[in-house]
Amino acid sequence: MWGVLFFRNRQRPSPHPSPHPYKEHKELIISKVAIAEKIQTTNPIRALGIYKEISNTLPTANDPKLYARIKHGEGACYFALSAVNNKKDNLKHAVIAYREALKIRIKLPIEYADTRNSMGHVYCKLSEIQDKEANLLLAVKAFGVVLKLRTVDKFPVCYAETQNNLGITYSKLSAVRDKAANLHLAVGAFKEALKIWTLTEFPASYASAQNNLGIAYSKLSEEEDKQANLHLAVKAFEEALRIRTVDKFPVHFAATQHNLGTAFGKLSEEEDKEANLRLAVKAYTEALKIWTVDKFPAFYARTQFNLGTACYDLSEIWDNEANLRLAVRAYTEALKLWTVDKFPVVYAKTQHSLGAAYYELSEVRDKEANLYLAIGAYVEALKIRTIDKFPVDYAETQNNLGIAYKSLSQVRDKEAILHLAIKAFEQALIVRTIDKFPVEYAATQDNLGIAYKNLSQVWAKEENLHLAIKAFGQALSIRTVDRFPVDHATTQNNLGIAYKHLSEVRDKEANLDLAIKAYEQALKIVGKSEYPEYYEIVTKNLNKARELLTGA
């Protein structure tokens with residue numbers, strides 16, 4: 001339209017030219033921009049339409065500041081739309097729009113910082129779907145530029161907000177590179193934010209930063225100073241919960257309680273196992289008061305899984321049966337949402353954990369029934385944990401499946417079920433080789449040896465005892481007395497039993513002598529004061545072998 005008007009003006013110059021269309025409609029344009037800015041997060045499609053309509057007819061030169069404002073608005077609209085659909089494309093459009101704004105805002109420090117900060121958020125989101133490391137580094141750079149303009153003395157609140165954003169970005173970056181270094185930077189950023197976001201002046205922001213700080217400390221505990229960093233994580237989460245109460249901020253309350261539970265669970269591995277696991281169970285239970293299955297299914301499933309793990313671990317030291325039942329219930333709840341078709345990987349992980357809980361439960365009641373449930377869970381896990389896609393997980397589940405079969409053979413169909421146990425252990429050993437996974441290799445070889453030893457009682461006695469002795473020998477090549485003393489003693493006792501049984505079919509004196517040596521080797525490690533029950537078992541085996549040798 002302007003091009004036509006321009007052509008006509010050249011032919012018929014008016015002695016009184018009309019004012020420029022922009023000047024004539026400036027107030028209307030600005031009012032439209034203001035409307036778009038109000039709705040750009042609630043109705044981004046409409047807002048984007050307004051911005052596009054104006055920018056398509058507004059030359060940049062007429063009002064560069066307004067043009068940059070419009071482009072910044074477009075970026076905000078695309079960012080909002082990325083949360084709804086076409087995430088990748090909308091985020092890329094947001095970057096383009098923000099870059100256009102920055103070309104003009106480079107001489108306007110406050111506005112420049114605003115757009116740079118927005119770009120940092122876009123890069124963070126973009127890192128979730130592509131080029132994670134590269135986009136997070138761009139986000140770090142963007143927030144770094146903002147902090148040079150949003151200084152603590154001039155813009156304290158904005159400074160704190162940006163430091164918090166920078167901390168989150170460093171925390172994410174730690175997952176792909178320089179974990180400890182980036183987590184230290186994250187901790188530093190959150191602490192900077194907390195200099196401004198105090199408990200009294202900015203309680204909600206204070207709680208957010210404390211929660212983020214706790215997450216960073218929890219991650220850092222995986223790299224260094226585990227105990228100390230977990231204590232700092234717990235302290236930070238507890239600080240956040242001073243504000244994030246169940247009545248005022250229920251969703252944030254649940255998130256922080258979940259994080260607190262995870263920290264207590266990790267801390268239980270270092271100190272006060274029972275006390276910290278109880279606290280973990282309590283925290284997860286608190287989270288589940290808000291994260292219900294109907295309102296927050298994803299969070300519900302994850303928290304139920306973590307609750308199950310905490311109860312399972314707690315069962316080892318307190319109220320065995322009750323906690324195992326709680327673990328089974330929690331894992332079962334998680335599986336209502338983590339189905340095999342929608343969440344195959346976590347489905348398999350949960351089935352594996354459920355199998356372990358049923359196995360342990362079989363040790364205290366309803367042995368056969370619970371072992372069948374354990375086996376069923378492991379078989380379900382193996383539908384996903386295949387040797388080609390997840391070899392390490394495949395081997396772990398096959399090993400546990402073998403153990404369950406081995407235990408089931410004690411109550412029914414001994415020969416047939418032991419063959420299944422042996423097959424499972426052999427499958428595990430395809431992955432668990434002596435060079436790649438020596439510790440796991442030794443554990444599975446020991447289990448295989450026990451299966452062969454037990455099978456020898458009902459079928460091909462001499463042959464299976466030789467196979468058992470061979471397996472125990474393989475285990476002992478890794479389970480040396482200096483590196484794994486207790487495991488060494490365990491396998492030596494198993495080896496002694498195999499030699500004693502072999503003495504019943506051939507070379508009685510020679511095999512009894514080998515059995516005695518194996519038992520004596522075990523007793524060098526399992527002393528009476530440190531391992532009284534195990535000491536008694538091995539001593540009894542040794543005395544029996546000596547009696548048989550004396551009577552030979």
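Higher on the page you've got the structure.
A. Spatial organisation of the overall build of the protein. Scanning the protein from N- to C-terminus turns up 24 helices and zero strands. Seen through its C-alpha atoms, the protein measures out along the principal axes to roughly 135 × 50 × 40 Å. Sequence-distant contacts in the protein: of pairs separated by 6 or more residues, those separated by 24 or more amount to 57%. Summed over its atoms, the accessible surface of the protein is roughly 27700 Å², and 55% of this surface lies on carbon and sulfur atoms.

B. Seen up close, helix α5 (residues 87–105). For α5, built from 19 residues, the straight-helix expectation of 27 Å at 1.5 Å per residue is met to within 8% by its first-to-last C-alpha distance of 26 Å. Looking only at α5, the buried set comprises Asn 90, Leu 91, Ala 94, Val 95, Ala 97, Tyr 98, Ala 101, Leu 102, Ile 104 and Arg 105. Next to the buried residues of α5 lie α4 (64–82) and α6 (109–126).

C. Summary view of the side chain of Asn 494. Structurally, Asn 494 is set in helix α22 (residues 485–502). Reaching out from Asn 494, the side chain makes a polar contact with the side chain of Asp 446 at a distance of 3.2 Å. Asn 494 has contacts with Asp 446, Ile 450, Lys 453 and Phe 472, leaving out every residue within four places of it along the chain.

D. Summary view of the pattern of salt bridges. In this structure the tally under the stated criterion is 35 salt bridges. Of the charged contacts, one joins Lys 32 and Glu 53 as a salt bridge, the two residues approaching to 3.4 Å between their closest N and O atoms. Within this pair, whereas Lys 32 is found in helix α2 (residues 21–39), its partner Glu 53 is found in helix α3 (residues 44–57), the two being separated by 21 residues in sequence. Look at Lys 32 and you get partly exposed, because its relative accessible area is 28%.

E. Just the side chain of Lys 406, in detail. Here Lys 406 lies in helix α18 (residues 391–408). An unpaired buried charge is present at Lys 406: no salt bridge exists, and Asp 446, the closest side chain of opposite charge, is 7.3 Å distant. Residues within four places of Lys 406 in sequence aside, it is in contact with Leu 418, Ala 421, Phe 425, Asn 447, Ile 450, Ala 451 and Asn 454.

F. Focus on the packing of helix α19 (residues 414–431) against helix α20 (residues 438–455). It is at 9 Å that the axes of α19 and α20 come closest, and there the two elements cross at 160°. When the axes of α19 and α20 are compared, the pair comes out roughly antiparallel. Both α19 and α20 take part in a crossing whose hand is left-handed. Residues Lys 414, Glu 415, Leu 418, His 419, Ile 422, Phe 425, Glu 426, Ala 428 and Leu 429 of α19 pack against Tyr 441, Thr 444, Gln 445, Asn 447, Leu 448, Ala 451, Tyr 452, Asn 454 and Leu 455 of α20. Taken together, the residues of the contact of α19 with α20 sort by class into ten nonpolar, five polar and three charged.

G. Summary view of α22. If you check α22, its first and last C-alpha atoms are 25 Å apart, about what 18 residues at 1.5 Å a residue would give, namely 26 Å. Along α22, 14 of the 18 residues are buried, which leaves the element largely enclosed by surrounding structure.

H. Molecular detail of the packing of aromatic side chains. Going through the model one piece at a time under the given rule, you end up with three aromatic pairs. For the pair Phe 305 and Tyr 331, a centre-to-centre distance of 5.6 Å together with 55° between the ring planes defines the contact as tilted. Taken together, the residues span a long stretch of sequence, with Phe 305 in helix α14 (residues 297–314) and Tyr 331 in helix α15 (residues 320–335) at a distance of 26 residues. The pair formed by Phe 305 and Tyr 331 is uniform in burial state, with each residue classed as buried. When the centroid spacing of 5.9 Å and the interplanar angle of 45° are considered together, the rings of Phe 305 and Trp 338 count as tilted.

I. Spotlight on unusual backbone geometry. One non-glycine residue, Asp 413, lies in positive phi territory at about 45°. Here Asp 413 shows up in the loop between α18 and α19. The backbone of Ala 460 shows a phi angle near 45°, a positive value even though the residue is not glycine. Here Ala 460 lies in the loop between α20 and α21 (461–478). Judged by its relative accessible area of 28%, Ala 460 is partly exposed.

J. Main features of the packing of α3 against α4. Where α3 contacts α4, the axes come no closer than 9 Å and their chain directions differ by 150°. In terms of axis orientation, α3 runs roughly antiparallel to α4. Regarding α3 and α4, the two cross each other, and that crossing is left-handed. Of α4, the residues touching α3 (which contributes Pro 44, Ile 45, Ala 47, Leu 48, Tyr 51, Lys 52, Ile 54 and Ser 55) are Tyr 67, Ile 70, Gly 73, Glu 74, Cys 77, Tyr 78, Ala 80 and Leu 81.

K. Structural context of the environment of Ala 327. Along the chain, Ala 327 falls in helix α15. A C-alpha to C-alpha distance of 9.1 Å links Ala 327 and Asp 313, two positions 14 residues apart in sequence. Residues contacting Ala 327, with those up to four places away along its chain left out, are Gly 308, Cys 311, Tyr 312 and Ala 357.

Criteria and cut-off values
Residues numbered from 1 in each chain as written. Predicted model: local features only at pLDDT ≥ 70, side-chain atom pairs only at ≥ 80, totals over all residues. Heavy atoms only, no water. Helix = DSSP H or I, 4+ residues; strand = E, 2+ residues; numbered from the N terminus. Contact = heavy atoms within 4.5 Å. Areas by Shrake-Rupley, 256 points an atom, 1.4 Å probe, with all protein chains shown as cover. Expected span 1.5 Å × (residues − 1). Buried < 20%, exposed > 50% of the residue type's maximum accessible area, 1.4 Å probe, protein only. Polar contact = N/O pair within 3.5 Å; in protein donor to acceptor, adjacent residues only side chain to side chain. Salt bridge = Lys/Arg side-chain N within 4 Å of Asp/Glu carboxyl O. Lys, Arg positive; Asp, Glu negative; His and termini not counted. Axes fitted to C-alpha atoms, helices over the stretch in contact; angles between N-to-C directions. Parallel < 35°, antiparallel > 145°, perpendicular 65-115°, else oblique. Left-handed = near helix turned anticlockwise from the far one by under 90°. Nonpolar A, V, L, I, M, F, W, Y, C, P; charged D, E, K, R; others polar. Phe/Tyr/Trp six-rings, centres within 6.5 Å; stacked < 30°, edge-to-face > 60°.

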